[in-house]
Amino acid sequence: QVELVESGGGLVQAGGSLRLSCVASGRTSDRTSDTAVMGWFRQAPGKEREFQAAITWRTGYTTSAPSVKGRFTISRDNDKNTVYLQMNSLKPEDTAVYYCAASPSLTPTAGDYRYWGRGTQVIVSP
C-alpha cells in the first residue's frame, strides 16, 4: 500500500509564493514500478484535474505543464521520500486543490497515476 500526504497549502496574496510538500510512504522503496514517478495536479471547482509537473525518483528528470513553466518548480528529496512543488508569482487563477500522485511512467495524464493524496487547498487572493 502507498500513502501520499500533501501539505503546505494556504491563503496567499497574488504575487506570493507557497511550497507544497508530498510525503510518500509504504511500498515506494524500489521506485521502479508503480511509484517511479511523482506528479502534481490541481483541480479548481467545476474544472477537470489539471497536470502541473512530474518528476522521477531515480534521476530527478522533470516535466511541467507549459502554463506553469517559469513559475512552478518540482523537486524531490529521496532521503525524505518527499516531493515538493515550489509555486512563485501566484495568481488568483491558481486557486485550486493541489494533489500529488504516483505513476509508473512520466505522463501528464491523470488516469495513468495509480495513487493519490487527499489534496491541499491553495487560495490566492487578488
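What counts and what doesn't
Residues numbered from 1 in each chain as written. Predicted model: local features only at pLDDT ≥ 70, side-chain atom pairs only at ≥ 80, totals over all residues. Heavy atoms only, no water. Salt bridge = Lys/Arg side-chain N within 4 Å of Asp/Glu carboxyl O. Helix = DSSP H or I, 4+ residues; strand = E, 2+ residues; numbered from the N terminus. Buried < 20%, exposed > 50% of the residue type's maximum accessible area, 1.4 Å probe, protein only. Contact = heavy atoms within 4.5 Å. Core = buried A, V, L, I, M, F, W, Y, C linked by side-chain atoms within 4.5 Å. Pairing = 2+ DSSP bridges.

S.K.: For this particular structure, what's the right way to read the pattern of salt bridges?
M.R.: Side chains that carry opposite charge are capable of pairing whenever their charged atoms lie near each other. Counting across every chain of the model gives 3 salt bridges. When the shortest N-O distance is used, the salt bridge between R71 and D94 registers 2.7 Å. Taken together, the residues span a long stretch of sequence, with R71 in the loop between β6 (62-64) and β7 (72-77) and D94 in the loop between β8 (82-87) and β9 (96-103) at a distance of 23 residues. As far as burial versus exposure is concerned, R71 and D94 are alike and both buried. The structure contains a network of salt bridges with shared partners spanning R42, E50, R71 and D94.

S.K.: I would appreciate a short explanation of the environment of A65 in the present structure.
M.R.: For A65, the location among the structural elements is in the loop between β6 and β7. Note on A65: relative accessible area 9%, which makes it buried. Here the alpha-carbon distance between A65 and Y98, two residues 33 residues apart in the chain, equals 14 Å. Not counting chain neighbours up to four residues away, the residues in contact with A65 comprise F51 and Q52.

S.K.: Hey, could you run me through the nonpolar core in this one?
M.R.: Among soluble globular proteins, nonpolar side chains are generally buried collectively. In this structure, L4, M38, W40, L85, M87 and Y98 are the most contacted members of the largest nonpolar core, which totals 35 residues. Those elements giving two or more residues to this core turn out to be β1 (2-7), β3 (18-26), β4 (37-43), β5 (50-56), β7, β8, β9 and β11 (120-125). Counting residues per element, this core draws most heavily on β9, which supplies 5 residues. Those residues in contact with M87 that sit more than four places away from it in its chain are G16, S17, L18, L20, R71, F72, Y98 and V122.

S.K.: What's the story with the pairing of β1 in this structure? I'm lost.
M.R.: Sheet faces and side chains relate simply in a regular strand, where the side chains alternate between the two faces. Here β1 shows a clear split, with V2, L4 and E6 buried on one side and none of E3, V5 and S7 buried on the other. Sheet topology places β1 next to β3; 6 bridges connect them, and they run antiparallel. Note on β3: the bridge partner recorded for E6 is C22.

S.K.: I'm lost on the pairing of β11 in this one. Help?
M.R.: Residues of β11 alternate between two faces, with T120, V122 and V124 buried on one and Q121, I123 and S125 left unburied on the opposite face. Where strand β2 (residues 10-13) lies against β11, 4 bridges are found, and the strand directions are parallel. Residue pairing for β11: V12 is matched across the bridge by V124.

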